[in-house]
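# Results of the structural survey
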Amino acid sequence: MTDLAFDQIHRDRQIGVIFVMLAAATWSTAGFFTRLIGLDYAAMIAGRGIFGGLGLFAIIVMTEGRNWPRLFTNMRGASLLYIVFVVAGMTAFVGSLGLTSVAHNAVIFATLPLMAGFLGWFVLRETPTPASVAAAGLALIGVAIMVGFGADGGLAGDALSVLSTLCMTLCIILIRRHPEISITGCACVGSLTSGLICLPFADLSAAQPPQLIFLVLFGLVNSAAGLTLFSLGSRKLPAMQTALISTLDTPLAPLWVWIAFQESVTPQTLIGGAIVLAAVIGNILWSRRAVG
């Protein structure tokens, strides 16, 4: 490999890390927006999906110009499968929140890097480095400290949470296996579909104008911006590293709620969040050292 090609790979990975970190930061605002909006959960998920999908459509039109229709007309096997995983993952996530605890949800999501590492090795033959495996395990410990893992969950909800995490993992693997997938186009269709699925169960009759504005922002920031950043970054990183960086969502989420609503942060949240951040940052620094 020439020095020029090596430098390009190094730059691509740096860009990928930045974009996936920003995606995780935008996704971590979900708790902030749900607290701010205060509508029923089905309404918030419907709004997030529909306005997020419309936001993604606007981004596609602005970036692709007159060629935007090809992102939707050229969808075939892998692209359609990606859409199925997006819709199934979002729907399973909604269902899991009503059937199990937030604590169980968070801990199960923290297994994402381990799932991605295994499937990345099995499907893509991307052998995870010992540093990535260690960082994934450390992140899982950190999340477990943050939220605990008591007996307050439910088997059906836990199963749906596992399904949601698995769908996220499969999306990451598909992106790596089929770089030709139009992620923004597929995410747009998937986001709109998931929103429309929840819309019949949503009660928007009590929504005030400020809540509707916040609902639009929820879709644009948490969904459209997050999915766009993730699509740009995940192509450039190994599956396990992408999943590991995505777990930054967990320690950042309570931070925004604490800043905006002055909710108390427990010592275990601070300790667990610090462990997750240390695992992710340590893995990024180790990866830079390894390629440098």
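Anything mentioned here points back to the structure above.
Residues numbered from 1 in each chain as written. Predicted model: local features only at pLDDT ≥ 70, side-chain atom pairs only at ≥ 80, totals over all residues. Heavy atoms only, no water.

Moving on, we come to the state of the cysteines. Taken as a whole, this structure holds zero disulfides when the rule is applied. Of all cysteine sulfurs in the structure, the one in Cys171 sits closest to Cys167, which takes part in no disulfide; the separation is 6.9 Å. Overall, the relative accessible area of 5% leaves Cys167 in the buried class. (Disulfide = S-S within 2.5 Å. Buried < 20%, exposed > 50% of the residue type's maximum accessible area, 1.4 Å probe, protein only.)

Our next topic: the environment of Cys186. Mapped onto the fold, Cys186 is located in helix 10 (residues 183–198). Residue Cys186 is classed as buried on the basis of its relative accessible area, which comes to 0%. Residues Cys186 and Val86, 100 residues apart in the sequence, show an inter-C-alpha distance of 8.4 Å. Non-local contacts of Cys186, meaning those with residues more than four positions away in its chain, are made with Met75, Ser79, Tyr82, Ile83 and Ile181. (Helix = DSSP H or I, 4+ residues; strand = E, 2+ residues; numbered from the N terminus. Contact = heavy atoms within 4.5 Å.)

So, on to the nonpolar core. What tends to happen in soluble globular proteins is that the nonpolar side chains get buried as a cluster. Membership of the largest hydrophobic core comes to 35 residues, with the highest contact counts inside it found for Trp27, Leu56, Tyr82, Leu174, Ile181, Cys186 and Phe230. The set of elements that each furnish at least two residues to this core consists of helix 1 (3–27), helix 3 (41–64), helix 5 (77–97), helix 7 (112–124), helix 9 (155–177), helix 10, helix 11 (209–234) and helix 12 (239–246). Not counting residues up to four positions away in its chain, the partners in contact with Ile181 are Ala78, Ser79, Leu174, Cys186 and Arg235. (Core = buried A, V, L, I, M, F, W, Y, C linked by side-chain atoms within 4.5 Å.)

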